[in-house]
Amino acid sequence: MQVHSFAPGEALAPFVRAFEIIEVGAAMEKLLVPETGLILGFRYSGSSSLVDGPARAIVPDQVVTGLRATARRMLTSAGSGIILAKFRAGAAGAFFDPPLQQLFGATVALEELMDPREVEAASARIRAAWTHRERVDALEQFLLRRRARKAWQADPLVGAALRAIHADPGAMRVGPLARDLGLSVDGLEKRFRRGVGASPKQLASLLRLRRALRAHRQGSPLTQLALEAGYYDQAHFIRQVVAAVGMAPRAFLHTSEFCL
C-alpha cells in the first residue's frame, strides 16, 4: 500500500486537514482506526468492502464517512486507488448540510447528500487525471465550488469548545466546559453534535486514542503512553482500546493490520 499526502491550498486549509491518495497493489485487509473528522472519498480504480464477520458491504465509489466510536475492517481489491479529503473537526458543515450527527457511524454514498450530477462530474475529472497532483486539484476545485454555494458560518461557541478539547482532551469535562461557554450541558451537546458530528466526550476520546497510538509508533512504553495521552491510568487506556478496536493494546499495536 502506498499513501501520498498533500496539504490543502490556502482557501481550503481551514477546513481540510489533508488530502490523501491511497493505492493498493495486492488485495489487502486493514483495520481503520476512527478519525476525528468526516472523510470524503472518490475511488478512481478498484473496489473496497467493509467486513463484519462473514458479511461484506460494498463501499460506494464516492463516499462520505462520518465520525464513529469503533474501528472498521476494510477489504480492498488489487489495483485500487482512492483520493480522500480528511476534514478538520467541526469543518465539514461548510460542505455538507447539518446536522452532522446524522452521519455518526455511517458510510454514505455522496450522491445521497448532494446533486448526483455534480458528484459524477467531479468523479469523471478525478478518473481522467494522469497524476496525483491533478487528482488533488480536481478534488480541490470540487470542494471550492461547493463551498462557494454554501451559506455557512462556524458556530463560535462550538469553535471555542473544539479548541479547549484539542488543547487537553484528557482534562475535558462537559459540565465545566459548558459553564465556561455560558451554555447548559444540553445546549452544548446539541450544538456540538450538530456542527461536529459527535459529542464532546466522543471527540475527546478519539483524540486521546489517536494521540496514544501515534506516540506508540515512536516506542513509548504503555504506561507512559497512557498518561501522556490523557488517560487516568493504563487500565483506562486498555479499556478504550478494547472498546474501539476489539483487542488489547499490546496485541493491536504489534500488528501491521491497522491504518491510523
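Cut-off values and rules
- Per chain, residue numbering runs from 1 following the sequence as it is written.
- With pLDDT at 70 or above as the cut-off, local features in this predicted model cover only qualifying residues; side-chain atom pairs require 80 or more to be listed or tallied, and sums for whole chains, interfaces and linings still use all residues.
- Water and hydrogen atoms play no part in the side-chain values, which are based on all heavy atoms of the structure.
- The rule is short: rings of Phe, Tyr and Trp, with Trp giving its six-membered ring, pair when the centres are within 6.5 Å, and they are stacked under 30 degrees, edge-to-face over 60, tilted in between.
- Only DSSP runs of H or I with at least four residues qualify as helices, and only runs of E with at least two residues qualify as strands; both kinds are numbered from the N terminus onward.
- Type-normalised accessible area, obtained with a 1.4 Å probe on protein chains alone, sets the label of each residue: buried when under 20%, exposed when over 50%, and partly exposed for intermediate values.
- Criterion for a charge above a ring: Arg CZ or Lys NZ at most 6 Å from the ring centre, at most 35 degrees from the ring normal.
- In this analysis an axis means a line fitted to C-alpha atoms, helices contributing only their contacting stretch, and an angle means the value between N-to-C directions, from 0 to 180 degrees.
- When the near helix sits turned anticlockwise from the far one by under a right angle, the crossing is termed left-handed; a clockwise turn instead gives a right-handed crossing.
- Contact definition: two residues touch when any of their heavy atoms are within 4.5 Å.
- The classification used treats Ala, Val, Leu, Ile, Met, Phe, Trp, Tyr, Cys and Pro as nonpolar, Asp, Glu, Lys and Arg as charged, and all other residues, Gly among them, as polar.
- When DSSP finds two or more bridges between a pair of strands, those strands are recorded as paired.

Caption draft 1: Expanded view of the packing of aromatic side chains. The final tally for this structure, using the stated rule, is six aromatic pairs. Between Phe42 and Phe142, the ring centres sit 5.4 Å apart and the planes meet at 80 degrees, which makes this aromatic pair edge-to-face. Within this pair, whereas Phe42 is found in strand β4 (residues 39-45), its partner Phe142 is found in helix α2 (residues 132-149), the two being separated by 100 residues in sequence. Of the residues examined, Phe42 reaches a relative accessible area of 0% and is grouped as buried. Residue Phe142 is classed as buried on the basis of its relative accessible area of 2%. Ring plane angle 85 degrees and centroid distance 5.9 Å describe the contact between Phe87 and Phe96, whose orientation is recorded as edge-to-face. Overall, Phe87 belongs to the buried group, its relative accessible area being 2%. When the ring centre of Tyr44 is taken as reference, the NZ or CZ atom of Arg135 above it lies at 4.1 Å. Looking at Arg208, its charged tip hangs above the ring of Tyr231, at a distance of 5.2 Å from the centre.

Caption draft 2: Highlighting the packing of helix α3 (residues 156-167) against helix α6 (residues 200-216). Contact geometry for α3 and α6: axes closest at 10 Å, N-to-C directions at 35 degrees. In terms of crossing hand, the pair formed by α3 and α6 is right-handed. Listed contacts from α6 to Leu162, Ile165 and His166 of α3 are Pro200, Leu203, Ala204, Leu207 and Arg211. Class assignment of the residues belonging to the contact of α3 with α6 gives a composition of six nonpolar, one polar and one charged.

Caption draft 3: Fine view of the sheet that holds β4. Strand order in the open sheet formed by six strands is β1-β2-β9-β4-β7-β10, with antiparallel pairing between adjacent strands. Sheet topology places β1 (2-6) and β10 (107-109) at the edges, where each strand pairs with a single neighbour. The sheet shows a mean angle of 20 degrees between the axes of neighbouring strands, direction not considered. Two strands pair when backbone bridges link them, and β1 and strand β2 (residues 16-24) are joined in this way by five bridges, in the antiparallel orientation. For Val3, the partnering residue across the bridge sits in β2 and is Ile22. Sheet contacts for helix α1 (residues 116-128): β4, β7 (62-65) and β9 (80-87); angle to β4, the most-contacted strand, approximately 55 degrees. With respect to the sheet, α2 is in contact with β1, β2, β4 and β9, its orientation differing from that of β2 by roughly 135 degrees.

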